[in-house]
Amino acid sequence: MLTVVVLAAGRGVRMRSGIPKVLHEAAGRPLLDRVLSAARSLPGARIVVVVGAGREAISRHLSDAGDVTLAVQEPQLGTGDAVRVALEAAGGSDEVLVLSGDVPLLREATLARLLEERRRARASVAFLTTTPADPTGYGRIVRDASGGFVRIVEEKDASDAERRIREVNAGVYAFDGAFVSRALPRLSKENAQGEYYLTDVLSLREEGARAVPVQVEDASEVMGVNSRRELAAVDALLRTRAAGAAMDAGATLLRPETITLDETVAFEPDVVVEPFASLFGATRVAKGSRIGQGAVIRDSVLGAGVTVRPYCVIESSRIGDGAVVGPFARLREGTELAENVHIGNFVETKKARLAKGAKANHLTYLGDVEVGERTNVGAGVITCNYDGFAKHKTTIGKDVFVGSDVQLVAPVSVGDGAIVGAGTTVTQDVPADALATSRSPQANVPGYAPGYRERKSKKN
Ligand code: UD1
Ligand code: CA
């Protein structure tokens, strides 16, 4: 039986945050979720997450994760103490893999290799090391003259000479279960931080420690997140990878370094994304679409050949093939645009379904509405969907012409082929093919203007 222990009880002081460190997001996903995905790649593993500081928030976050056991570490006396608490909760185990909730970029293949190396060497522990450009903050790997592993020294306990060592501990360990249970109670907390260091277990020779360092080539894979700066570095790396994947999938990114992508965003070939666009969450963009400069798109599905002009904000919406949106349009949740719909500038939609070829080109609010095929919604049209208490629906049929500056006071419907005159306040249903107007008659006073201008200019 393999137990995977994920350490997530620390306070994360260096983040200066009210949110537990492991719930901070990199490229739109909490650090902890990334580590758990790696843990879940190991078949048959039992997963224990050690929580302490901020445990309410973490428990809430994991409330749907049926495959995870929580172990509470209170107070937080160090990484060694945390693993002890986890193993008390888990019971006996042949093998124990320890991951840190703040080391989010580990690849599944590396974990498999680590487990394999320990088994092959019949070692009491195998652990990952790497040699980053800047080792500051990490525990250093002390080796003897012949290169054999001696011990890990934390930066705060290290001598000047030890600080110059560039090989560091990644904080990822595969233990023999019997060994680690036996060794943990032997730890002491006589060190700079007054904590039980898990790292000290690796050099407990009297408990039979035989530790095998496993080197990771790419130091970024085992980057730890202790500060906002490190979080930003991980975020940037993931987003650069996402941009690379988008290009590999056939998307053209103009000035890719300015484009912000979650790795969950999917592109078909021949999409063009203009500078400074941001695409997040479960967003998919089909072939030949163009995303304009500065657009922000979240959890939305765009069909083929869609044009999103610059500076649109689109959330939880579906946009059909060939539709044109923006510039400066806001599509809110539940917007569904069928093929070839046109939404122009300064148009806001919410729970709005526009059928094939419908148009709303200027300055309009469409909320809780259905608009039929080929219907034209003029400039300045507003659905008055809220009466101060509840939302109401507006239904507009197909081939309708809604003139400019019309208010539709919901609930209300406009039948197929009807015409609503400019400036009308629609408070009653409009039958199919009818003309609806609610204008007061216009009065012209002939020759009035020149006298008016004369009076006004004398006063000043
Ligand atoms: C740790 C290692 C260091 C290594 C580095 C790699 C120790 C003593 N040091 O240092 O050698 O180079 O990781 O990233 O292990 N945690 C608990 N309970 C505690 C303390 C910590 O669950 O009482 C958790 C933290 O939430 C975190 C992880 O353990 O997820 C590591 O703790 P952290 O304080 O970040 O250790 P580092 O100083 O980074
Ligand atoms: Ca850390």
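In case you missed it, the structure is sitting above this.
No experiment lies behind these values; they were computed from the predicted model shown.

Participant: What's the story with the overall build of the chain in this structure? I'm lost.
Facilitator: Each helix and strand in the chain was counted, giving eight helices and 37 strands. In terms of overall size, the chain is more extended than a compact globule, its C-alpha atoms giving a radius of gyration of 31 Å where 460 residues would be expected to give roughly 23 Å. Along the first, second and third principal axes, the C-alpha atoms of the chain reach 110 × 55 × 45 Å. Counting across all 460 residues of the chain, residues that qualify as buried make up 48%. Across the chain, every contact between residues at least 6 apart in sequence was considered, and the portion connecting residues at least 24 apart equals 40%. When the accessible surface of the chain is summed, it comes to about 21,900 Å², and 49% of that surface belongs to carbon and sulfur atoms.

Participant: Would you mind going over the site of ligand 1 with me for this structure?
Facilitator: In the region of ligand 1, 24 residues are neighbours, and Gln73, Gly78, Thr79, Glu154 and Asn169 sit closest. A distance of 2.6 Å is found between an oxygen atom of ligand 1 and a side-chain nitrogen or oxygen belonging to Glu154. Within the side chain of Asn226, an N or O atom sits 3.2 Å from an oxygen atom of ligand 1. Out of a free accessible area of 760 Å², ligand 1 has 91% covered by protein chains. Sorting the residues of the shell around ligand 1 by element identifies β1 (2-8), α3 (79-90) and β10 (168-176) as the ones contributing at least two each.

Participant: Just checking my understanding: could you explain the coordination of the calcium ion (ligand 2) for this structure?
Facilitator: Geometrically, a metal with four donors at the corners of a regular tetrahedron has ideal angles of 109.5 degrees, and one with six donors at the corners of a regular octahedron has ideal angles of 90 or 180 degrees. The protein atoms donating to the calcium ion (ligand 2) are Asp102 (OD) and Asn226 (OD1), with metal-donor distances spanning 2.3 to 2.5 Å. Residue Asp102 is found in the loop between β6 (95-100) and α4 (108-121), and its partner Asn226 is found in the loop between β11 (211-215) and α7 (228-248); the two are separated by 124 residues along the sequence. For Asp102, a relative accessible area of 14% puts it in the buried group.

Participant: It is not clear to me how the nonpolar core should be interpreted in this structure. Could you clarify?
Facilitator: Nonpolar side chains in soluble globular proteins tend to be buried together. The biggest cluster of nonpolar side chains holds 52 residues, and the ones touching the most others in it are Phe267, Leu279, Ile291 and Ile343. Among the secondary structure elements, those contributing two or more residues to this core are α7, β27 (342-354), β28 (359-371) and β34 (412-414). Setting aside residues no more than four positions away along its own chain, Ile291 makes contact with Val272, Val273, Glu274, Ala277, Leu279, Val285, Ile297, Leu302 and Val308. Counting residues in each nonpolar core, the second largest holds 36 residues, with Val4, Val51, Ala65 and Leu106 among its members.

Participant: Honestly, the pattern of salt bridges in this entry has me stumped. Any pointers?
Facilitator: Counted by the stated rule, this structure contains 26 salt bridges. For Arg84, the salt bridge goes to Asp81, with nearest N and O atoms at 2.8 Å. On the criterion of helical spacing, the pair formed by Arg84 and Asp81 is a turn pair, its members being three residues apart in helix α3. With a relative accessible area of 6%, Asp81 lands in the buried category. Asp368 is the salt-bridge partner of Lys350, the closest N and O atoms lying 3.0 Å from each other.

Participant: What should I look at first to understand the environment of Ala8 in this one?
Facilitator: Here Ala8 shows up in strand β1. Owing to a relative accessible area of 7%, Ala8 belongs among the buried residues under this scheme. Measuring from C-alpha to C-alpha, the distance between Ala8 and Val22 comes to 6.6 Å, with 14 residues separating the pair along the chain. Among residues more than four places away in sequence, those in contact with Ala8 are Val22, Val49, Val50, Val51, Gly52 and Ile58.

Participant: Looking at this structure, how should I read the packing of aromatic side chains?
Facilitator: The description of an aromatic ring pair uses the distance of the two centres, along with the angle that the planes make with each other. This model, assessed by the stated rule, comprises five aromatic pairs. Their ring planes at 10° and their centres at 5.5 Å tell us that Phe328 and Phe346 sit as a pair that is stacked. Here the residue Phe328 occupies a position in the loop between β24 (324-325) and β25 (330-331), and Phe346 occupies one in strand β27, the gap between them amounting to 18 residues. Judged by its relative accessible area of 42%, Phe328 falls in the partly exposed class. Members of the aromatic cluster, each reached through a chain of ring pairs, are Tyr311, Phe328 and Phe346. It is Lys391 that lies over the ring of Tyr386; its NZ or CZ is 5.2 Å from the centre.

Participant: Just checking my understanding: could you explain the environment of Ala304 for this structure?
Facilitator: By the secondary structure assignment, Ala304 is in the loop between β20 (301-302) and β21 (307-308). Distance from Ala304 to Ile319, taken between C-alpha atoms, is 9.1 Å for residues 15 residues apart in sequence. The contacts of Ala304, once residues within four sequence positions are left out, are Ala286, Lys287, Ser289, Asp321 and Gly322.

Participant: Is there a simple way to explain the pairing of strand β9 (residues 149-153) in this structure?
Facilitator: A regular strand carries its side chains on alternate faces of the sheet. By the bridge criterion, four bridges tie strand β8 (residues 140-143) to β9 in an arrangement that is antiparallel. Paired with Ile141 across the two strands is Ile152, which belongs to β9. Following β8, the chain reverses through five residues before pairing antiparallel with β9; Gly147 in that reversal takes a positive phi of roughly 90°.

Participant: Can you walk me through the side chain of Asp102 in this structure?
Facilitator: Of the polar contacts made by the side chain of Asp102, one reaches the side chain of Lys21; its length is 2.9 Å. Beyond its immediate chain neighbours, meaning those up to four positions away, Asp102 contacts Lys21, Val22, Met223, Gly224, Val225 and Asn226.

Participant: Would you explain the side chain of Asn385 in this entry?
Facilitator: Secondary-structure assignment places Asn385 in the loop between β30 (382-384) and β31 (394-396). A polar contact is formed between the side chain of Asn385 and the side chain of Asp368, at a distance of 2.7 Å. With near-sequence residues (within four places) excluded, Asn385 lies in contact with Lys350, Tyr365, Gly367, Asp368, Ala390, Lys391, His392 and Ala410.

Participant: Just checking my understanding: could you explain the environment of Glu155 for this structure?
Facilitator: Structurally, Glu155 can be placed in the loop between β9 and α5 (160-163). When the C-alpha atoms of Glu155 and Arg46 are compared, they prove to be 32 Å apart, with 109 residues separating the residues in sequence. Not counting residues up to four positions away in its chain, the partners in contact with Glu155 are Pro135, Thr136, Gly137, Tyr138, Gly139, Arg140 and Arg163.

Definitions and cut-offs
- Residues numbered from 1 in each chain as written.
- Chains lettered and ligands numbered in written order.
- Predicted model: local features only at pLDDT ≥ 70, side-chain atom pairs only at ≥ 80, totals over all residues.
- Heavy atoms only, no water.
- Helix = DSSP H or I, 4+ residues; strand = E, 2+ residues; numbered from the N terminus.
- Rg over C-alpha atoms; globule rule 2.2 N^0.38 Å.
- Buried < 20%, exposed > 50% of the residue type's maximum accessible area, 1.4 Å probe, protein only.
- Contact = heavy atoms within 4.5 Å.
- Areas by Shrake-Rupley, 256 points an atom, 1.4 Å probe, with all protein chains shown as cover.
- Near = heavy atom within 4 Å.
- Polar contact = N/O pair within 3.5 Å; in protein donor to acceptor, adjacent residues only side chain to side chain.
- Donors = N, O, S within 2.8 Å, 3.2 Å for Na, K, Ca; no water.
- Core = buried A, V, L, I, M, F, W, Y, C linked by side-chain atoms within 4.5 Å.
- Salt bridge = Lys/Arg side-chain N within 4 Å of Asp/Glu carboxyl O.
- Phe/Tyr/Trp six-rings, centres within 6.5 Å; stacked < 30°, edge-to-face > 60°.
- Lys NZ or Arg CZ within 6 Å of the ring centre and 35° of its normal.
- Pairing = 2+ DSSP bridges.

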